[in-house]
Amino acid sequence: MDNRIVRHNDVNIGVVIPAYNEGEVIASVVDEVAGSGAYSIIVVDDGSSDDTFEILKDQKVLVLRHRLNRGKGAAVKTGVMAANRIGVDIVVTLDGDGQHDPNDIPRLVEPIIKGEADVVLGSRMMNSEGMPRVKVIANYIGNFFTWLFYGILVTDSQSGFRAYSYYAAKIIDTKADKYEYDSKVIREVKNNRLRFKEIPITVRYTEYSMGKPQKQGLVNGLKTLYRMVWNLFV
C-alpha cells in the first residue's frame, strides 16, 4: 500500500485541492481538512506566483505543481489523476480558498460508500442562506446553460465540492482546463450514464474569497459560457 494513502472508516478517501495564489490561506485549509478526518490530501499548485508552493512543501500532503497557470480544471484533473495513481477508493475535490467546510466530506461520500451514486455534487443552492444574490443569479444562469448544452439539470453546476467513486474518477474525461470543467463533468455524468446525487453543502464567503480576481465572477462566468459554446462547434 502506498504510504500516502490514509484509511477513513475502512475506505481510502483522497481529497484534491486545486490552489492558485492561495498562500494567505492554503496552510489553514490543509490543516482544516487534515483535522476533519483521515484523508489522503493532494494539493495541486497551478503555477502560483506567490508563496503557495513554498508553504505547501512544509505540509504533510502530496504536493504537485504546474509550472504555468493552466486553470482550475487542469489542476483538478492533475489531482484526480494522482489520486487514481495512488489507489484511493473515493476522490473528493474542494476549493483552496477556504470556502468549503471539510466537515461536509462524510455526507458527500456517504452515497458512494452505500452504493447509491457514482458522483455526488455538493450544492450551495440547496442551502443558499447567506449566499450573495449575484452568485445565486449567476448560478441559475449557469445551471440553465448546462442543461441547454448537456441535457442534464442540476441545482449547482459550478460547485467545486464533489465526490467521485473510483470508477467515475477513472472514466470522466474532459478537455476543459478552465472553469467550464465543472459543467463538463455534468456532461460526462450523462454521457457515461453515471448515477449522481446532490447534497446541500455549507459555503463560507469571506472578504478574502470574494475578493480573488480568478474566482468565478461575472466576467469569468461570461468567459466560461463562451468556451462552453465554442466547444460545441469545434
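See the structure printed just above.
Summary of the structure given here. As the structure is a prediction and not an experimental result, all values here were calculated from the model.

1. Description of helix 5 (residues 133-150)
Right, on to step 1. Between its first and last C-alpha atoms helix 5 spans 25 Å; for 18 residues at 1.5 Å apiece the expected length is 26 Å, and the two agree.
Right, on to step 2. All buried positions along helix 5 are accounted for by Lys 135, Val 136, Asn 139, Gly 142, Asn 143, Thr 146 and Tyr 150. Looking straight down helix 5, one finds its buried side chains confined to an arc of 125°; they lie on one side. The exposed set on the far side of helix 5, more than 90 degrees from its buried face, consists of Arg 133, Val 134 and Tyr 140.
Right, on to step 3. Downstream of helix 5 by one or two residues, Gly 151 has phi in the positive range, about 75°.

2. Some words on the pairing of strand 3 (residues 40-46)
Right, on to step 1. Within strand 3, seven of the seven residues are buried, which leaves it mostly tucked inside the rest of the structure.
Right, on to step 2. The two faces of strand 3 match: Ser 40, Ile 42, Val 44 and Asp 46 on one face and Ile 41, Val 43 and Asp 45 on the other face are all buried.
Right, on to step 3. In this structure, strand 2 (residues 11-19) lies alongside strand 3, joined through six bridges in parallel fashion. Residue Ile 17 lies in a different strand from strand 3, and its bridge partner there is Val 43.
Right, on to step 4. One crossover worth recording links strand 2 to the parallel strand 3 by way of helix 1 (residues 26-36), and it is right-handed.
Right, on to step 5. Where strand 3 meets strand 4 (residues 62-66), five bridges bridge the pair, whose relative direction is parallel. Bridged to Val 44 within strand 4 is Leu 64.

3. Some remarks on unusual backbone geometry
Right, on to step 1. For Asn 21, which is not glycine, the phi dihedral falls at a positive 55°.
Right, on to step 2. Residue placement: Asn 21 occurs in the loop between strand 2 and helix 1.
Right, on to step 3. A positive phi angle, close to 55°, is found at Arg 193, a residue other than glycine.

4. Observations regarding helix 3 (residues 72-86)
Right, on to step 1. With 15 residues, helix 3 ought to run about 21 Å at 1.5 Å a step, and its terminal C-alpha atoms sit 21 Å apart, in line with that.
Right, on to step 2. Burial within helix 3 is extensive, with 11 of its 15 residues counted as buried.
Right, on to step 3. Regarding helix 3, the residues found buried are Lys 72, Gly 73, Ala 74, Ala 75, Val 76, Gly 79, Val 80, Ala 82, Ala 83, Asn 84 and Ile 86.
Right, on to step 4. Elements that come into contact with the buried residues of helix 3 comprise strand 2, strand 3, strand 4, strand 5 (90-93), helix 6 (166-171) and helix 7 (181-191).
Right, on to step 5. Directly after helix 3, the chain includes Gly 87, whose backbone phi takes a positive value near 85°.

5. Looking at the pattern of salt bridges
Right, on to step 1. Counting across every chain of the model gives 12 salt bridges.
Right, on to step 2. A salt bridge links Asp 182 to Lys 72; the nearest nitrogen and oxygen atoms lie 3.1 Å apart. Of this pair, Asp 182 sits in helix 7 while Lys 72 sits in helix 3, and the two are 110 residues apart along the sequence. Across the pair, exposure class does not vary: Asp 182 and Lys 72 are buried alike.
Right, on to step 3. Arg 162 is the salt-bridge partner of Asp 182, the closest N and O atoms lying 3.9 Å from each other. Residue Asp 182 is located in helix 7, and its partner Arg 162 is located in strand 7 (residues 162-165); the two are separated by 20 residues in the primary sequence.
Right, on to step 4. Judged by relative accessible area, Asp 182 falls into the buried class, the value being 4%.
Right, on to step 5. For Arg 162, a relative accessible area of 1% corresponds to the buried category.

6. Remarks on the layout of surface pockets
Right, on to step 1. A volume near 290 Å³ is recorded for the second largest pocket.
Right, on to step 2. Surrounding the second largest pocket, 13 residues form its lining, Val 80, Met 81, Asn 84, Ala 169 and Ile 172 being those nearest its centre.
Right, on to step 3. Broken down by secondary-structure element, the contributors of at least two residues to the lining of the second largest pocket are helix 3 and helix 6.

Quick notes on the rules
- Residues numbered from 1 in each chain as written.
- Predicted model: local features only at pLDDT ≥ 70, side-chain atom pairs only at ≥ 80, totals over all residues.
- Heavy atoms only, no water.
- Helix = DSSP H or I, 4+ residues; strand = E, 2+ residues; numbered from the N terminus.
- Expected span 1.5 Å × (residues − 1).
- Buried < 20%, exposed > 50% of the residue type's maximum accessible area, 1.4 Å probe, protein only.
- Arc of directions from axis to C-beta.
- Pairing = 2+ DSSP bridges.
- Right-handed = clockwise from strand over helix to strand, strands pointing away.
- Contact = heavy atoms within 4.5 Å.
- Salt bridge = Lys/Arg side-chain N within 4 Å of Asp/Glu carboxyl O.
- 1 Å grid on protein atoms, 1.4 Å probe; cavity = no way out; pocket = protein on both sides within 12 Å on 5 of 7 lines; lining within 4 Å.
- Points joined across faces, edges and corners; volume = space filled by probe spheres on them.

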